[in-house]
Amino acid sequence: MRVVLLGGAGALAGGSGRFAPGLSLVQGAVPRLVLVPVVFRLALFLQALWAVDTVATPVLWFGLAVYVLPNLLELAWVFRRTTGIRRVLAADTTYTLFTSLAAALFAAHPAFADLLALTWPNIMGTVMIWTLLRGALAGGAAVAGAVLLRYVMAALSGTSAPATWILLALVAAAGTSLAIVVLVAGSMRFALGLGEQRGRAAERERHRRDVHDTVLQVMEALALPSPGDLRDPGASLDQVRRTARAHALRLRLSLEGDAPAEPGGLEHRLGALTVEMTAEGLRVDLVVLTKVTDVPESVVNALHDAAREALRNTLKHANTPRAVLCLEETEGVVTVSVRDHGTGFDTGAHRAGFGIENSIHARLAEIGGTARIDSAPGQGTRVVLSAPLELRFPVG
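- Looking at an unreviewed UniProt entry, one finds the protein named histidine kinase and attributed to Amycolatopsis heterodermiae.
- Within the UniProt record for the protein, the comment given under Catalytic activity (unreviewed entry) is "ATP + protein L-histidine = ADP + protein N-phospho-L-histidine."

Take a look at the structure:
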């Protein structure tokens, strides 16, 4: 926390020290910490205005024009757009100096004698902003500058010098700002650690899923008996070898990071899937009920891979040579269903295996979709995969 105390939120935005990993994401969000002292200013200003107990005097209108409106504009400016820390510091410090010195000059007139009380929220807020964005050293310098400014204002207005409680209040404001920075830094470190932990867990799951969907499934498919094994063992062996070489090449390209992108949209990918499964011994008929276009790539990949897992399960367990793959779209939801008339199974009596949980349900959940599996002994199996065409969040 030493870096944060000395550098403030600017150290976080710069990604220095132990907070460097991934902190470039917060560079634009750090200046929004200015919202805290600005809201604090407005609350203090309303309290000071209430204490003045003047409603129909020029002080009210001067205060509204010089204090309330600029702070509201600063609030909207910081909230609606991201700006650099230096710009925030320069603009806010200039604004506080100008309004404070102007109020001191006007306060010499009896009608504006209460203006000095209204400058206090701005001075406090500037000390907080410097401490928030630049750390303890800058906060201490801001406190000293604020005390000096207050003495200059007293000299210009002809009033008495500021009391000791002003210094204590400024130090308390700086301390509060440091506490906010430490809290933000601690929360950020916790969030980064939790994100890295979950990211590693998700990466392990994706790796297990890829191994299951490629190596394991291909090995199990090669181990399945084929009707051609007895009629033409040589041809059957050649087919096994071709399949093994094709999948080995795909796996090698994937490991080297040179795997080509799958061409075409969802309908084309499903058509290629029917050819792939037919070559492995399961005849698949593709039925397109609705032409589906402009499907996000992540949705295409998820539906294709989940459908392939369902078809491989049919090939291994359904004891049937045929299956039907159906594609349709209704009210912004694209649905791919896999239907076979094989042996089926009791969904209540069988615990979902790794493929169903990870390669189907988890894969659809990642894109905001759902998967439903309907089956019964002797009645075949139907797997319904549904996904939205418009993603509510990025997938990657």
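And the narrative resumes.
## A closer look at the UniProt feature "transmembrane region" (unreviewed entry) in the protein
Next up, step 1: The feature "transmembrane region" (unreviewed entry), as annotated in UniProt, sits at residues 29-52, 59-79, 99-120, 132-153 and 165-192 in this numbering.
Next up, step 2: With 95% helix and 0% strand, residues 132-153 has its two end C-alpha atoms placed 25 Å apart.

## Overview of the packing of helix 5 (residues 115-134) against helix 6 (residues 136-157)
Next up, step 1: Look at helix 5 against helix 6: their axes get within 7 Å of each other, and the N-to-C directions meet at 160°. Comparing their axes, helix 6 and helix 5 come out roughly antiparallel. The chirality of how helix 5 crosses helix 6 is right-handed. Residue-level contacts link L116, T119, I123, V127, W130, T131 and R134 of helix 5 to A136, A138, G139, A142, V143, A146, L149, R150, M153 and S157 of helix 6.
Next up, step 2: Of the residues that constitute the contact of helix 5 with helix 6, the class distribution is 11 nonpolar, 4 polar and 2 charged.

## Quick notes on the pairing of strand 2 (residues 322-330)
Next up, step 1: Sheet topology places strand 1 (residues 283-288) next to strand 2; 6 bridges connect them, and they run parallel. Pairing of D285 across the sheet is with V324, part of strand 2.
Next up, step 2: At this point the chain moves from strand 1, through helix 11 (residues 297-317), to the parallel strand 2, and the crossover so formed is left-handed.
Next up, step 3: Bridge analysis of strand 2 against strand 3 (residues 333-340) gives 7 bridges, and the strand direction is antiparallel. The partner of E329 across the bridge, within strand 3, is V334.
Next up, step 4: Where strand 2 hands over to strand 3, the hairpin turn is made up of 2 residues, of which E331 adopts a positive phi near 50°.

## Notes on the sheet that holds strand 5 (residues 381-388)
Next up, step 1: Pairing is mixed across the open sheet formed by 5 strands, whose spatial order is 1-2-3-5-4. Only two strands of the sheet have a single partner each, and these edge strands are strand 1 and strand 4 (370-375). Each neighbouring strand pair of the sheet contributes to a mean axis angle of 15°, computed without reference to strand direction.
Next up, step 2: The sheet contact formed by strand 3 and strand 5 spans 8 bridges and is antiparallel. Paired with V333 across the strands is P388, a residue of strand 5.
Next up, step 3: Strands in contact with helix 10 (residues 266-279) are strand 1, strand 2 and strand 3; relative to strand 1, the strand with the most contacts, it is inclined by about 165°.
Next up, step 4: Sheet strands in contact with helix 11 are strand 1, strand 2, strand 3 and strand 5, and its direction is about 10° off that of strand 3.

## Regarding helix 5
Next up, step 1: The terminal C-alpha atoms of helix 5 lie 29 Å apart, and with 20 residues this matches the ideal 28 Å at 1.5 Å per residue to within 8%.
Next up, step 2: Downstream of helix 5 by a residue or two, G135 has a phi angle that is positive, lying close to 100°.

## What about the packing of helix 4 (residues 85-106) against helix 6?
Next up, step 1: With their axes 7 Å apart at the nearest point, helix 4 and helix 6 run at an angle of 30° to one another. Between helix 4 and helix 6, the crossing angle belongs to the class labelled roughly parallel. By crossing handedness, the relation of helix 4 to helix 6 is classed as right-handed. Across the interface between the two elements, L97, S100, L101, A104 and L105 of helix 4 pack against L149, V152, M153, L156 and S157 of helix 6.
Next up, step 2: Across the contact of helix 4 with helix 6, the residue classes tally to 8 nonpolar, 2 polar and no charged.

Calculation notes
- Residues numbered from 1 in each chain as written.
- Predicted model: local features only at pLDDT ≥ 70, side-chain atom pairs only at ≥ 80, totals over all residues.
- Heavy atoms only, no water.
- UniProt positions renumbered as here; feature names shortened; annotations may be inferred.
- Helix = DSSP H or I, 4+ residues; strand = E, 2+ residues; numbered from the N terminus.
- Axes fitted to C-alpha atoms, helices over the stretch in contact; angles between N-to-C directions.
- Parallel < 35°, antiparallel > 145°, perpendicular 65-115°, else oblique.
- Left-handed = near helix turned anticlockwise from the far one by under 90°.
- Contact = heavy atoms within 4.5 Å.
- Nonpolar A, V, L, I, M, F, W, Y, C, P; charged D, E, K, R; others polar.
- Pairing = 2+ DSSP bridges.
- Right-handed = clockwise from strand over helix to strand, strands pointing away.
- Expected span 1.5 Å × (residues − 1).

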